[in-house]
Amino acid sequence: MWARDAAEMVATGITWVRIGEFAWSRLEPDPGRFTFDWLDRAIDVLSSAGLKIVLGTPTCTPPRWMLERFPDMLARDASGQLRKFGSRRHYCFSHAGYRAASADIAAVLGDRYGRDARIHAWQIDNEYGCHDTILSYSEAARDAFRLWLRDRYGEITALNEAWGNVFWSMEYRDFDEIELPNLTVTQANPSHDMAFRRFSSDQVVAYHTAQADVLRARTDAPLLHNYMGRVLEFDHFDVGASLDIATWDSYPIGFLSDRLEGTAEHKARFLQQGDPDMQAFHHDLYRAVGRDGRWWVMEQQPGPVNWAPHNPAPLPGMVRLWSWEAFAHGAEVVSYFRWRQAPFAQEQMHAGLKRPDNAAAPGLAEVARVAREIAQMPDAGTAAARVALIFDYPSAWAWDVLPQGTGFSYFRLMLDAYRALRRRGLSVDIVPSSTSDLSGYALALAPGLASMPDALCAALAGRTALVGPRSNAVTDELCIPDPMGPSLPGLDVTATRVESLPPTHERPVKGGGSVGLWCETLEGTAECLFETEAGAPVLIGDGTLHYLGSWPDAALWDRIIRALAAKADLDVEDLPEGLRLRDTPSHRFVFNYGSKPVAYKDQVVEPADVVWWPHASC
Ligand code: GAL
C-alpha cells in the first residue's frame, strides 16, 4: 500500500511528505529499545518514488512509559487539575526531565537520519500551544518560575517594588514564597500574571531550543515547526530565531466556526469558505516569523475536519483557492493534512485527500489541478508590501491579563485593522515590534501595542503612521507609566481616561461609522481628524503620526484607512464583498471568498475561484 500511495502522490503532483511527528511509541516501544525498520522502509519507499521527506520529532506525543519515568511531567490547568495521558501534548514545558528526554530522542533521530540526503527538512514537535497547552500550573512550572524570577529581579525587594506588592499586603520575603498566579481569591496582581506569561513563553523557547541545538549539530537540512492559527501564548518570533522556515496549519472552515468572533450573518456567509482574511493574516504573520521570509503551509484543510462545533465541507474550489492564496503570499510549499482519512481513533471523522476506503476524496482533484497550474507558473517571488502592520506577542498577553472590558482581544484588534487594509485592496507585511527600520513602507499601523520600544517610535517618525488604541499604555511590568501614555515623540496627546463598553453600545462618529468596546479620553494640542457626534476626539494627528483612541467599527476603519492611504499616496480600491487581492512581483491574484460571481476589472470571478494575470495586462 505504501508504494501505491507514493506513486499516487507523485502522479497527483505532490512533491513533499511529512512523516513521524507522533510516532514515539513505534520508534521506542520500551525505554531504550528502538525499532527503526518500519521508518527505514517508509523513507525508502517515499524517497524512491521521488518524494522529499520532512521528518518530525515525536515529542508532542510522549509514550505511556514516559510517565513511569517522570510521574510529575504532566501539565496542570489553571484549576490545578492534571492533564492526563490519552491524547497528545501531555507534557509541561518546564519539566527538566522531559525536556532532556525530548532532546535525547531528537539526538537519536539526528544521529540516524541527520546526514541522510533523503530527509530534506526536520519538523520539531507539533503545534506548540494547540489544545491550550502553553500555560501550565504544575509544580515543575512553579519551581522554574521562581528561578526565572530570581534571575529577572535579583532581589526580592526589586520584585516587590516592580509589581507594587505593597498593595493588599502582597509583599514577599523570598522568591520561594511566590506561587503561580492561579487559584487566588480574586484577580492576581497583573504584574505577577504578566511575569508568568513571559516566563511561560520563555519555557517554550527553552524547550524548543534544546531540540533545535541537538539537530543543528547533526544535520544541514532546514529546521522548522508547524505553528497554529490564533495561538498567541508564546512568542513565535523567539521560537523562530532557531529555525529556518516557519510553517503553519491552516484550517479555514474550522477556524471560522471555532476561533473567530463574528456575527451569525458573517459566519453563515463564509460557512464553507472560511473567513476571507484569517488565512492571509497568518500567511503574512508567519512570513515575518520565518528566517528571511521563508514559510510554508504544513497542513492545509482538505475537506471537513472533526474538531470544530460544526464541520461543513469546503465549497468546490476552495482547496484550490486556499492553496493559491498561500503561494501568492510567498509560501514555498503547501502540504495537506492528511493523505488518507484514518478509520480509527480521534480523527476518524477528519477528511483526507483520500477516503478511508482509499477512493479519492473531493480535495484530491483540486490538489492535482493546483500542481498542474503551478508547473506552468513562473516563480513569482514575494512582493514587499507598502503597508506594515506591527505585531507583538507580549501585547496579546498584556491585554489578556488586563482586558478592562470583556472582549478586548489584541488578536481581534489586529485582525480588524488587517481586514480594513485588505478591503481597500492593500497588501500588508506584518512586522515584529523589534523592528527599527520601516523605510520601505509608505504606511505603518501599530494598534494595541502595550509598550513601544524607542527604536520603533524612531522608525515611525516621519512616515504616515497610526498608533492606538491602547498603544504605549503600560510599562513592561504592566503598570501605568509616568507620564501617562501614549507618549509619542512629536505628538501632543495624552489618554487621560479609559472607558470600556458592552457590544450593545456604540458611539456614532461625525461623517459615518462608530466606536465602541474601548474609548479613551484624549487631551492635547494635536489636530483632531475624527470625533464622535458628542465631540470627543477619536483620531488625532500631526500630519504624519496619528493616534487612534477608540475601537472603530468596519465603516470607520474604512474611512481611517482611506484618509491615511491618501496621505501616504497609496492607491486604494473598494473591493466587492468577499473579494481579496494579492500582488506578487509579476502577477495580480484575485480571490473570491463569496458564494456569488463578482465582477472585478473586466473579469467575472466565480465563487470559490481564483484568477490571476500578469501586471502588464492589469
Ligand atoms: C492539527 C494537527 C494535526 C491534526 C490536525 C487536524 O492541529 O497538527 O495532527 O490533528 O490538526 O485538523
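1. A short note on the pairing of strand β13 (residues 491–500)
In the sheet, strand β12 (residues 486–488) pairs with β13 via two bridges, with the strands oriented antiparallel. Each bridged residue has a counterpart across the sheet, and for Pro-486 the counterpart in β13 is Thr-494. Once β12 ends, the chain turns through two residues before running back antiparallel as β13, passing Gly-490 with a positive phi of about 90 degrees.

2. Side note on unusual backbone geometry
Cis geometry is found at the peptide bond from Asp-482 to Pro-483, where omega equals 0 degrees. Its place among the elements puts Pro-483 in the loop between β11 (464–467) and β12. Look at Ser-169: it is not a glycine, yet its phi comes out positive at around 55 degrees. Tracing the backbone shows Ser-169 in the loop between α7 (156–163) and α8 (190–216). Classification of Ser-169 by relative accessible area gives exposed; the value is 67%. Its identity as a non-glycine residue notwithstanding, Asp-569 has a phi of 65 degrees, on the positive side. Relative to the helices and strands, Asp-569 is located in the loop between α18 (554–568) and β20 (579–583).

3. Re the domain arrangement of the protein chain
Per the domain assignment, the segments of the protein chain are domain 1 (1–133 + 198–243), domain 2 (387–567) and domain 3 (579–617). Inter-centroid distance (C-alpha atoms) of domain 1 to domain 2 is 39 Å. Contact with domain 1, which involves ten residues of that partner, is made by ten residues of domain 2. Linking domain 1 to domain 2 there are four residue pairs in polar contact (both at pLDDT 80 or more).

Rules used in this analysis
Residues numbered from 1 in each chain as written. Predicted model: local features only at pLDDT ≥ 70, side-chain atom pairs only at ≥ 80, totals over all residues. Heavy atoms only, no water. Pairing = 2+ DSSP bridges. Helix = DSSP H or I, 4+ residues; strand = E, 2+ residues; numbered from the N terminus. Buried < 20%, exposed > 50% of the residue type's maximum accessible area, 1.4 Å probe, protein only. Domains from an automatic or database assignment. Contact = heavy atoms within 4.5 Å. Polar contact = N/O pair within 3.5 Å; in protein donor to acceptor, adjacent residues only side chain to side chain.

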